[in-house]
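Coordinates in review
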Amino acid sequence: MRQSRIIAGLGLAAAALLTLTACNSGTPGGSPTGESTGDGAEEGTWFTVAEDVQLEGSPTFDAITDRGSVKVGVKEDQPGLGYLDPTTGDRTGFDVDIARWIAASLGYDEDKIEFTAIPSANREQAILNGDIDYYVGTYSITDKRKEQISFAGPYFITGQGLLVGADSDIASVDDLEGKNVCSATGSTSIQRIKDEHPEASTTEFDTYSQCVEQLKNGQVDAVTTDEAILIGYAAQDPDNLKVVGDVFSEERYGVGLTKGDTALQEYINTMFTDGGDIWQAIFDKNLGPAGVEGEQPEVDPVS
Ligand code: GLU
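Computed from a predicted model, the values in this text were never measured in an experiment. (Residues numbered from 1 in each chain as written. Predicted model: local features only at pLDDT ≥ 70, side-chain atom pairs only at ≥ 80, totals over all residues. Heavy atoms only, no water.)

It is worth spelling out the pairing of strand 8 (residues 160-165) at this point. Most of strand 8 sits inside the fold, with six of its six residues counted as buried. Bridging between strand 8 and strand 11 (residues 222-226) involves four bridges; their strand directions are antiparallel. Note on strand 11: the bridge partner recorded for Gly-161 is Thr-225. Looking at chain direction, strand 8 and strand 12 (residues 241-244) are connected through four bridges and run antiparallel. When the bridges of strand 12 are listed, Leu-163 appears paired with Val-243. (Buried < 20%, exposed > 50% of the residue type's maximum accessible area, 1.4 Å probe, protein only. Helix = DSSP H or I, 4+ residues; strand = E, 2+ residues; numbered from the N terminus. Pairing = 2+ DSSP bridges.)

If you want it as C-alpha cells, here you go:
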C-alpha cells in the first residue's frame, strides 16, 4: 500500500484558515479554552472557525449558508472513527473530527453541526436526497459510488481485515472455508467476500456493531470490514476479540459530496493538503492509541 505524507505545516494562506489550539499535555485539542457542550467538544476548541468564507459555485455551500447550519452524515457505532457515547452523548472519532474540521473551515462551529447516523447501505441515497451536506464515515471511494456522488480526499487509507474470537482458529482470509462471515449491507467488505470468497457464507446487518454482537454470541465465525474499524472493536474488548491476518484490499476514505460540486470538493481537498498538522493531530488523538497505523495520503485530482 503506497501512501505519501503531505508536508506537515499549516498553510495559513490557504482557504481554510485553521489553527490547532495549543495544548499543554501533548494531547491534540487539549486546549483549556473550550467548555463541554456535551457533544464532543469537551476537550476544547480544536479548530479556529473560519470567518467570511467565500465559496463561489458550490450549491451545497449555498444551501448551508441559507440554512445557517451544516448537516453531516456519520457513523456512530465505530469506536475511534465515528462513535456516539450513549452515556455522555459525546461524539468522538477520527471521522467525526474530520467532519468538524470541514465545518470549521466553512465557518461553522460545533453548535451549528447537525450529525445524523447513516448506515453504509444508505449513504449515496442520503446525499442524492440532499438529506446531508456531506458524509464522513469510513466511506471508500469507488467508481461505482462515483456514478452517483463525488468524493473529496482521500483523507485516509486502510484495508479489509478480519475480526475473530480470541480463541478462533481463523488466522487469515485463507481460512474461511465453511465459515460464516458477517459484514454490513452495502459495504465494499461484504461484496468482496461474496465475489472473492464463495467458500465462506455471509451474514449481513446494517451496522458492524451488530456483527460484533453476533461474533461474541457465537452466531458468526468472523466479522470483516476495514482493519481501522476492527481495531477499534478489538481495543474495546481485547480479552475476547482479535484482529488476524494481513489486510486484503485497499480502502481509500473520501468525504461523500453531491455529485459535481467541484467547488466544495476542491475546497476540502485544499484544506487537507494544507492542513497536515491538523490531520496528524486528529489521527494521533483518535486512531493512534488503539494501534492503527497510517499516514496522510495525497488527495485525488478534482474531477
Ligand atoms: N470502507 C468500506 C465501505 O465503504 C467498509 C466500511 C463501511 O461500510 O463504512 O464500504
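That covers the picture; the talk isn't over yet.
So, on to the site of the ligand. Of all residues adjacent to the ligand, which total 17 residues, the nearest are Ser-120, Thr-138, Ser-140, Tyr-208 and Asp-226. Contacts to the ligand include Lys-75, whose side-chain N or O atom sits 2.8 Å from an oxygen atom. For the ligand, an oxygen atom lies 2.8 Å from a polar atom in the side chain of Arg-123. Summarising the interface, the protein chains cover 100% of the accessible area of the ligand, which totals 280 Å² for the free molecule. Those elements that place two or more of their residues in the shell around the ligand are helix 5 (188-196), strand 11 and strand 13 (251-258). Looking at side-chain class alone, the shell around the ligand contains four nonpolar, eight polar and five charged residues. (Near = heavy atom within 4 Å. Polar contact = N/O pair within 3.5 Å; in protein donor to acceptor, adjacent residues only side chain to side chain. Areas by Shrake-Rupley, 256 points an atom, 1.4 Å probe, with all protein chains shown as cover. Nonpolar A, V, L, I, M, F, W, Y, C, P; charged D, E, K, R; others polar.)

Under the defined criterion, the tally for this structure stands at twelve salt bridges. Close ionic contact of Arg-192 with Glu-196 constitutes a salt bridge, the shortest N to O distance being 4.0 Å. Within this pair, Arg-192 and its partner Glu-196 are both found in helix 5, separated by four residues, close to a single helical turn. Exposure remark for Glu-196: the relative accessible area of 47% places this residue in the partly exposed category. Via salt bridges that share partners, Asp-97, Arg-100, Glu-110 and Lys-285 belong to a single interconnected network. (Salt bridge = Lys/Arg side-chain N within 4 Å of Asp/Glu carboxyl O.)

Along the chain, the position of Lys-75 falls in the loop between strand 1 (70-74) and strand 2 (77-78). Although Lys-75 lies buried, it forms no salt bridge, and the closest oppositely charged side chain, Asp-77, sits 6.0 Å away as judged by the N-O distance. Here Gln-78 takes part through its side chain, which lies 3.1 Å from a polar atom of the side chain of Lys-75. A distance of 3.4 Å separates the side chain of Lys-75 from the side chain of Thr-138, its partner in a polar contact. (Lys, Arg positive; Asp, Glu negative; His and termini not counted.)

This part is about helix 6 (residues 208-216). Because each turn of an α-helix spans 3.6 residues, side chains separated by three or four positions in sequence point in the same direction. When helix 6 is considered as a whole, its buried residues turn out to be Tyr-208, Cys-211, Val-212 and Leu-215. Down the axis of helix 6, the buried set is contained in an arc of 100°. They therefore lie on one face. One or two positions beyond helix 6, positive phi appears at Gly-218, with a value near 80°. (Arc of directions from axis to C-beta.)

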